[in-house]
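Observations on chain architecture
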Amino acid sequence: MATPFGFHGSDITKEGEQPMGSELELDGSLRLLELGDGIIYASALHLAAELKVADLLADGPLSAAELAGPTGTHAPSLHRLLRTLAGCGVFTQDSTGRFALTEAGERLRSDHPLSVRTTVAQQGRLTARTFQYAEHALRTGEGTFAKAFGQPVWEYLKDHPEEGADFDTAMHEHSRVELAAIVQAYDFAGAGRIVDVGGGDGTLLVTVLGGNPGATGVLFDLPHVVERNRVEDAGLQDRVEVVGGDIFGDIPAGGDLYTMKSVLHGWTDNEVVTILGGIRKALKPGGTLLLIERVIPAGNAPHPSKAFDLAMLIMAGGQERTQQEYVALLTEAGFRVDRIIGTESSLSIVEARPTDDAV
Ligand SMILES: C[S@@+](CC[C@H](N)C(=O)[O-])C[C@H]1O[C@@H](n2cnc3c(N)ncnc32)[C@H](O)[C@@H]1O
């Protein structure tokens, strides 16, 4: 049986020969083998992204021998890596042995408008290495980034500016594929002054202001992060104030709408209540808070939030949360939840207002 990931022994059973075990038993075994093999495909993809193979294939198919020079690799080994990825829809291999990009493979090109190359390459450098310490997280509930890299994630990214800039780009890549769904699901018209807390390079703010000419914004993140903002490139410097600071310190006051996307999942419950308390103080009367996060659905249905939740534990000691968990934390910090809005992406929007505002 060929699987999206792999190919296991039952395919090569000789004619007339019975495979061992019932079909049901085999399916279960194959499923587990396929899940375990995931590391092979993930590692191959990380390396292809790191080596920028897709950029080299932008003008047409090339063989591993032709790609070996520019990627600094051993041609026969590169061939094996590309053949592996051709088996799962990233490249195709033609009858001459040359490799070309599939539609998905195109998105590994650095210049594709929906590129995820930087994210995938960084998964190989940061996530894969941190996951070697997953057992420690499981036994203690602590994040393990510092075990792998010697310092907590935000300090490491500050002290390694190239990796930090790649992290911002990775967030931008995520946002590019998520933001259409966010602005479709939530009406930002009449938002007034929007403060994006932990707003990274400003991708969310730039997108929302781009569609709402009457709104203004404040981009708030760590000082060295907001330095790398995209506000000027978007021609929005007259409508956006860029503020560097700490979410555990003074959050810029006086906004009508506070947004936080993919921020709270990096922090423990106690830290989240502190951050929310700061926003509660900064928010104007009648103001609104939007949390944009992966809310974990009930039941067994597969959902990216479940894997992200495990990743947040291992990387940062953080977590994705259920609706009930968000309601409990927001209530503790003095907010009431008015709506939780699903989007076409894996993110949901939790809309909250101060408890003491009139309903
Ligand atoms: C996962 S990123 C999300 C970025 C952005 N909201 C997005 O969705 O693309 C988390 C952000 O929190 C910021 N951050 C982490 N610690 C912070 C702190 N103490 N004060 C302010 N921002 C912080 C990081 O710099 C980063 O930009």
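Now for a look at the structure at hand.

The subject of this paragraph is the site of the ligand. The environment of the ligand is formed by 15 residues, the closest being Gly198, Asp221, Asp246, Ile247 and Lys261. In the environment of the ligand, a nitrogen atom lies 2.7 Å from a nitrogen or oxygen atom belonging to the backbone of Gly198. Interatomic distance of 2.8 Å between a backbone N/O atom of Lys261 and a nitrogen atom of the ligand. Alone, the ligand offers 590 Å² of accessible surface; in the complex the protein occludes 93% of this. Here the element with the most residues in the shell around the ligand is helix α10 (residues 161-185); it accounts for 3 residues.

The subject of this paragraph is the sheet that holds strand β4 (residues 216-221). Reading across from one edge, β5-β4-β3-β6-β7-β11-β10 is the order of the 7 strands in this open sheet, with mixed pairing throughout. Across the chains shown, the open sheet's two edge strands, defined by having one partner strand only, are β5 (240-244) and β10 (335-342). Taking each pair of neighbouring strands and ignoring which way they run, the sheet shows an average axis angle of 20 degrees. As paired elements, strand β6 (residues 257-261) and strand β7 (residues 288-293) share 5 bridges and run parallel to each other. If you follow Met260 over to β7, its bridge partner there is Leu291. Together, β3 (193-197), β6, β7, β10 and β11 (348-354) form the strand contacts of helix α13 (residues 269-282), whose direction differs from that of β6 by roughly 160 degrees.

Of all 7 residues that make up β11, 6 are buried, and the element is covered over most of its length. With 5 bridges connecting them, β7 and β11 associate as antiparallel partners. Looking at the pairing, Leu289 lines up with Ala352 of β11. As paired elements, β10 and β11 share 7 bridges and run antiparallel to each other. Bridged to Arg336 within β11 is Arg353. Counting the residues between successive antiparallel strands, the hairpin from β10 to β11 contains 5 residues.

Positive phi, close to 55 degrees, is recorded for Lys52, a residue that is not glycine. Along the polypeptide, Lys52 turns up in the loop between α1 (23-50) and α2 (53-56). The exposure class of Lys52 is partly exposed, given its relative accessible area of 39%. Phi is positive for Ser262, which is not a glycine, with a value near 55 degrees. Mapped onto the fold, Ser262 is located in the loop between β6 and α13.

Generally speaking, a soluble globular protein has its nonpolar side chains buried in company with each other. Grouped together as the largest cluster of nonpolar side chains are 28 residues, with contacts concentrated most on Val197, Tyr258, Met260, Leu276, Leu291 and Phe335. With 6 residues, the single largest contributor to this core is α13. When sequence neighbours within four positions are dropped, the list of residues in contact with Leu291 reads Met260, Leu264, Leu276, Tyr326, Leu330, Ser348, Ile349 and Val350. If you look at the next biggest cluster of nonpolar residues, it comprises 23 residues, including Leu179, Tyr186, Val226 and Val231.

Procedures and definitions
- Residues numbered from 1 in each chain as written.
- Predicted model: local features only at pLDDT ≥ 70, side-chain atom pairs only at ≥ 80, totals over all residues.
- Heavy atoms only, no water.
- Near = heavy atom within 4 Å.
- Polar contact = N/O pair within 3.5 Å; in protein donor to acceptor, adjacent residues only side chain to side chain.
- Areas by Shrake-Rupley, 256 points an atom, 1.4 Å probe, with all protein chains shown as cover.
- Helix = DSSP H or I, 4+ residues; strand = E, 2+ residues; numbered from the N terminus.
- Pairing = 2+ DSSP bridges.
- Axes fitted to C-alpha atoms, helices over the stretch in contact; angles between N-to-C directions.
- Contact = heavy atoms within 4.5 Å.
- Buried < 20%, exposed > 50% of the residue type's maximum accessible area, 1.4 Å probe, protein only.
- Core = buried A, V, L, I, M, F, W, Y, C linked by side-chain atoms within 4.5 Å.

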